[in-house]
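Examination of the molecular architecture
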Amino acid sequence: MEIIGRTQEIGYLEALYTKDVSSTLVLYGERFLGKEALLRQFAGEEPYSRSGISDKPFLILRALPVSGREQAAIWGKLLRSSGVGLPEYPTYAELFAGIEKYFNGAKALLAILDFEHLFRTSGKEFADEFFAAFQAVSSRFTLCTLLVSSHIAFVENHLLEALGENVRNVTEVMRIKPLAFNELRAYFADRSAEECLCLYAIFGGYPGLWAYYDRKLEFSENMYRLFFAERAPLAEPEQFYIAPYLREPAVYHTLLYCLAKESGGVRKLNDLYAETGFSRAKISVYLKNLAEIGVVEKTSSFSVSQDLQLKGAYTVSVPLLLFRFAKTFGRDTAPGGVRELFLEIYPTLRAFSEGAYRRACAEYLNDASAKGALPLSLKESGYWLGKNGTLDFIGRAADGQFLVASCCLDKDGYAEERLNGFLFTMQEAGVTPSYLYFFSMHGFMQKALERLSGIDGIYLMDDTLWQKRSL
């Protein structure tokens, strides 16, 4: 898979690898972030090559949800197929000695994918055996070991306990984050900005999902092939986001559906209680479980006016799941079939992209601030979620000055009615900004321009995406 936007991560791994000491790095992040592709690029493997040519000797192993003894046997069989002599059920000391033989004692890279299975099935005893074997072999040759996981909850909440005293043998823990909209645009450089926004709304910053998209096909063909056709690969993403980690799918699917089906995908706990009939205590526990695996998050408004702020609200944080539960869940067998469902949903994707547009605009402003390209330097930023409206972006400088932004995807352009709603929400939030940024993919209607004319600190950002336009 083509790698975009991982220069910082590659640079960090290179710095770690160039040291003449063995090391262990925990590398984790959600599914579909391209972690394995990142490792292969780091190793210097030639793209699309079956030759195994690389700049660094490397071996990638995958852990399975089996006992530690059975896992060693599986890996031992793999090494034996490469000519390394090992017993049928090797100890981990024997296994690491076999890895040393596999590399001929040369400095090397070892990656273990889904490593959490090793610790979840075998516990602290396994950790002791694993790291004792690793330390013994790494004293004889330099081995950079990467423990890779997509299970965020395990790494952030349970890894320290699973490692025990072996935590001292872990050099670093690094989380891989989703990529930004501009990196998606670079990946799909031949597509329009509006199409890229639709892709960002559905796929988010997950390059493993981008790879499903066939760039030889048109957007509508891709959407049908990926989500609606028979055996569509992304038709039921809950099967790989929810099923491997959580039991009682009926409860979790109910909560996700209730969260996603409202405009914007933001609901209060009381709304979920009234709609589902589940107890508040049960909803809280299950939302916490969904948050632990990274698919739901509690909204966090920028700290300004508290009076009219919407509190205790939750949202679906994975774009693909938001798309699934907002658009297709429960409608897979709708009258007229999937073709009819596709024809109904396809025209609504522009509106569905509004949240992605807000994220992209926020990314632009934060990046511009970091580069010194804004009229002020932002110390903190976020959004304000009110009971009657939302401020898409709000940032504050160290001296207390505010910058506020409004984002619009309306096909007729930014209208006076939207401007009135934005100004009213800003008043409810109690914010008096020094600078106002208006982002509109399809330009600005004349009455809105007339209202804004002559006001200091106004910036218009039009359809070229991030091109300033003067009043």
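Note that this is a predicted model, so its numbers are computed, not measured.

Before going further, it helps to spend a moment on the overall build of the chain. Summing up its helical and strand segments, the chain has 21 helices and 14 strands in all. Seen through its principal axes, the chain has C-alpha atoms that stretch 80 × 50 × 45 Å. The proportion of buried residues among the 471 residues of the chain is 51%. When the accessible surface of the chain is totalled, it reaches about 22,000 Å², and 48% of it is carbon and sulfur.

The five strands lie next to each other as S2-S3-S4-S1-S5, forming an open sheet whose pairing is parallel. Two strands in the sheet have a free side with no partner beyond their single neighbour: strand S2 (58-62) and strand S5 (172-175). Averaged over all adjacent pairs, the angle separating strand axes in this sheet is 20°, with direction ignored. Note: strand S1 (residues 23-28) against S5, four bridges, orientation parallel. When the sheet's bridge partners are listed, Tyr28 is paired in S5 with Arg175. Running at roughly 140° to S2, helix H3 (residues 68-80) makes contact with S2 and strand S3 (108-113) of the sheet.

As a further point, take the sheet that holds strand S7 (residues 296-298). For sheets, the rule is that strands pair by backbone hydrogen bonds, running either parallel or antiparallel. Spatial strand order, S6-S8-S7: three strands in an open sheet with antiparallel pairing. Strands at the two margins of the open sheet, each flanked by one partner only, are strand S6 (266-268) and S7. The mean inter-strand angle of the sheet, taken between neighbouring strand axes irrespective of direction, is 30°. Pairing between S7 and strand S8 (residues 313-316): three bridges, direction antiparallel. Bridge pairing in S8 places Glu297 opposite Thr315.

To continue, consider empty space enclosed by the protein. Under the definition given, this model contains three cavities of 30 Å³ or more. Reported here for the largest cavity is a volume of approximately 80 Å³. Surrounding the largest cavity, Glu30, Arg31, Ser150, His151, Ile152, Phe240, Tyr241, Tyr245, Ile293, Gly294, Val295 and Val318 form its lining. Class assignment for the residues of the lining of the largest cavity results in seven nonpolar, three polar and two charged.

Right, let's get into the packing of helix H9 (residues 193-203) against helix H19 (residues 354-370). Interaxial distance between H9 and H19 falls to 9 Å at its minimum, and their mutual angle equals 100°. Considered as vectors, H9 and H19 are oriented roughly perpendicular to each other. For the pair H9 and H19, the contacting residues are Leu197, Tyr200 and Ala201 in the first and Ala356, Tyr357, Arg359, Ala360 and Glu363 in the second. In terms of residue class, the contact of H9 with H19 is built from six nonpolar, no polar and two charged.

Any residue range with low pLDDT should be treated as having predicted coordinates unsuitable for detailed reading. On average, residues of the chain score 88 in pLDDT, and 93% of them reach the 70 mark or higher. For the chain, strand S14 (residues 468-469) is the element with the lowest average pLDDT, namely 49, and strand S11 (residues 402-408) is the one with the highest, namely 96. Counting interchain partners and residues more than four positions distant, the pLDDT-below-50 stretch residues 46-53 has five contacts.

Aromatic ring pairs are defined here through the distance separating the ring centres and the angle between the ring planes. Within the structure shown, the criterion is met by 36 aromatic pairs. Taking 6.3 Å as the distance between ring centres and 25° as the angle between the ring planes, the aromatic pair formed by Tyr437 and Phe439 counts as stacked. Like Tyr437, the residue Phe439 is buried in the burial classification. In this structure an aromatic cluster arises from ring pairing among Tyr187, Phe188, Phe203, Trp210, Tyr213, Phe227, Phe323 and Phe352. Positioned over the ring face of Tyr89 is Arg69, at 3.8 Å from the centre of the ring. One cation-aromatic arrangement involves Lys282 over Phe278; the distance from NZ or CZ to the ring centre is 4.9 Å.

The next point concerns the pattern of salt bridges. Applying the stated criterion to the full structure yields 23 salt bridges. Here Arg40 makes a salt bridge to Glu36, at a shortest N to O gap of 3.1 Å. Here Arg40 pairs with Glu36, and both are found in helix H2 (residues 35-43), just four residues apart, close to one helical turn. Residue Glu36 is classed as partly exposed on the basis of its relative accessible area of 28%.

Parameters and conventions
Residues numbered from 1 in each chain as written. Predicted model: local features only at pLDDT ≥ 70, side-chain atom pairs only at ≥ 80, totals over all residues. Heavy atoms only, no water. Helix = DSSP H or I, 4+ residues; strand = E, 2+ residues; numbered from the N terminus. Buried < 20%, exposed > 50% of the residue type's maximum accessible area, 1.4 Å probe, protein only. Areas by Shrake-Rupley, 256 points an atom, 1.4 Å probe, with all protein chains shown as cover. Pairing = 2+ DSSP bridges. Axes fitted to C-alpha atoms, helices over the stretch in contact; angles between N-to-C directions. Contact = heavy atoms within 4.5 Å. 1 Å grid on protein atoms, 1.4 Å probe; cavity = no way out; pocket = protein on both sides within 12 Å on 5 of 7 lines; lining within 4 Å. Points joined across faces, edges and corners; volume = space filled by probe spheres on them. Nonpolar A, V, L, I, M, F, W, Y, C, P; charged D, E, K, R; others polar. Parallel < 35°, antiparallel > 145°, perpendicular 65-115°, else oblique. pLDDT = per-residue confidence, 0-100. Phe/Tyr/Trp six-rings, centres within 6.5 Å; stacked < 30°, edge-to-face > 60°. Lys NZ or Arg CZ within 6 Å of the ring centre and 35° of its normal. Salt bridge = Lys/Arg side-chain N within 4 Å of Asp/Glu carboxyl O.

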